Amino acid sequence: MTSPVRLALLGCGTVGSDVVRLLHEQSADLAARIGAPLEIVGIGVRRLGRDRGDLPVDPALFTTDALGLVKRDDVDVVVEVVGGIEPARGWLVEALRAGKSVVTANKALLAEDGATLHDAAAEGGADLYYEASVAGAIPLLRPLRESLHGDRITRVTGIVNGTTNFILSAMDATGAGFAEALEEATELGYAEADPTADVEGFDAAAKAAILASLAFHTRVTAADVHREGITEVTSADMASAKAMGCTIKLLCIAARGVDPAGRETVNVRVHPAMIPLTHPLAGVGDAYNAVFVEADAAGQLMFYGRGAGGAPTASAVLGDVVAVARNRLAGVRAASESAYADLPVRPMGEALTRYHISLEVDDRPGVLAGVAGVFARHEVSIATVRQGPAGGDAELVIVTHVAPDAALAATVGELRGLDIVRSVTSVLRVEGGA
């Protein structure tokens, strides 16, 4: 057994504490897998003296000087589970440029400025691993950047936020509204006190950027991702979905396409969508995550499991630690970032989608023809129309064929201005052949 691989741990909250516990509980097995023991030589925290229960670690290892810890000569690997952009970016760039491998769960930083981290890793000849940044313990990123490198991935569709999936699953199962389902999620600990990052899609958008970057060998940032949250999804939307044999999920979608000039592009988006109950993602309930990958040779693949929580995320972190520790002992470096394709990110308006639109309209002759004329003017083909009563008016539920999102949005905009349309009560995209 050789000398220990020495770790600096940045952050000791929910995930960091579980990293420490797993390192302690599995120390012998981890050492056998690596060929050397793992040793924590320092833990960077915001506050000293905080009660950390029975955490199996020497209190003397804690420090508030995270940058000083990163710079120490006796640190081989830096593990970051603090999150946020700064000061984490500065710490990790310092480590990578100094040739110290980095394992991080920081999806926000990777999605906003992953290029800086990859460039620093290349400069220092260090490894950068981040399996825990997307979908918790689910082995997903390594298959994308290693196992499927001999294939051409065409599309990635995923449920990558457990909070929103719990909320939508509860709405579907009980008929509850968004506010009621969010309250339940908060009481059960699935939603933060401020759930904005989850319910408005920011968390999922960051993960979508990371997935697209790996799948399509192109640098994609969170700013490139079209984002919509679930706050406008209603119990009536859920009922409409059920009537179509569908359910509603917050999806991250990254897909190859071709622009009008014939150039290959990628489109990356996060939004609620109806999917048929026959789709593999439709049965993913509670706070679970799942990602559906489509590739030319491999066909359809699905990755499923718990996407969040201290222990699942810590499991993914330690998997990366084992990998970088092995590389260090072997004197090798993992494959560097693959961004050779450099495909342009196509605007959301050019994405080909379908819409489900609910309208309250005047109940009189000629209304349907007037509504259909709006779709025709924007060259949007109608797939189905369902009509029913709505108080003193009538309800129209229209599902379109595939069309550019900009044309669909323009259609809805014109419908809102028609005298015969009382209100546009719901607009949802439809995915997966529903």
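As the structure is a prediction and not an experimental result, all values here were calculated from the model.

## Examining the packing of helix H4 (residues 88-97) against helix H5 (residues 107-124)
Reasoning step 1: The interhelical angle for the contact between H4 and H5, taken along N-to-C directions, is 20°, at an axis separation of 8 Å. It follows from the interaxial angle that H4 and H5 lie roughly parallel. In this structure, H4 crosses over H5, and the sense of that crossing is right-handed. Contacts between H4 and H5 involve Ala-88, Arg-89, Leu-92, Val-93, Leu-96 and Arg-97 on the former and, on the latter, Leu-109, Glu-112, Asp-113, Thr-116, Leu-117, Ala-120, Ala-121, Glu-123 and Gly-124.
Reasoning step 2: Partitioning the contact of H4 with H5 into residue classes produces eight nonpolar, two polar and five charged.

## Observations concerning helix H14 (residues 405-416)
Reasoning step 1: In this model H14 runs 17 Å from its N-terminal to its C-terminal C-alpha over 12 residues, within 8% of the 16 Å that 1.5 Å per residue would give.
Reasoning step 2: Of all the positions in H14, only Asp-405, Ala-407, Leu-408, Thr-411, Val-412 and Leu-415 are classed as buried. In an axial view of H14, the angular spread of the buried residues amounts to 165°, which keeps them on one side of the axis.
Reasoning step 3: Looking at the buried residues of H14, the elements they touch are strand S13 (352-361), helix H13 (367-377), strand S15 (393-400), strand S16 (403-404) and strand S17 (421-430).

## Points about the nonpolar core
It is characteristic of soluble globular proteins that their nonpolar side chains tend to be buried jointly.
Reasoning step 1: Counting residues in hydrophobic clusters, the biggest one holds 78 residues, and the most contacted among them are Val-78, Leu-140, Ile-153, Ile-167 and Leu-211.
Reasoning step 2: The leading source of residues in this core is helix H10 (residues 202-216), at 11 residues.
Reasoning step 3: Those residues in contact with Val-78 that sit more than four places away from it in its chain are Ala-8, Leu-10, Val-70, Leu-92, Ala-95, Ser-101, Val-102 and Val-103.
Reasoning step 4: Core analysis: the next-biggest nonpolar cluster, separate from the first, contains 35 residues, Val-81, Ala-105, Tyr-129 and Ala-323 among them.

Rules used throughout
- Residues numbered from 1 in each chain as written.
- Predicted model: local features only at pLDDT ≥ 70, side-chain atom pairs only at ≥ 80, totals over all residues.
- Heavy atoms only, no water.
- Axes fitted to C-alpha atoms, helices over the stretch in contact; angles between N-to-C directions.
- Helix = DSSP H or I, 4+ residues; strand = E, 2+ residues; numbered from the N terminus.
- Parallel < 35°, antiparallel > 145°, perpendicular 65-115°, else oblique.
- Left-handed = near helix turned anticlockwise from the far one by under 90°.
- Contact = heavy atoms within 4.5 Å.
- Nonpolar A, V, L, I, M, F, W, Y, C, P; charged D, E, K, R; others polar.
- Expected span 1.5 Å × (residues − 1).
- Buried < 20%, exposed > 50% of the residue type's maximum accessible area, 1.4 Å probe, protein only.
- Arc of directions from axis to C-beta.
- Core = buried A, V, L, I, M, F, W, Y, C linked by side-chain atoms within 4.5 Å.

By themselves these figures say nothing about function.
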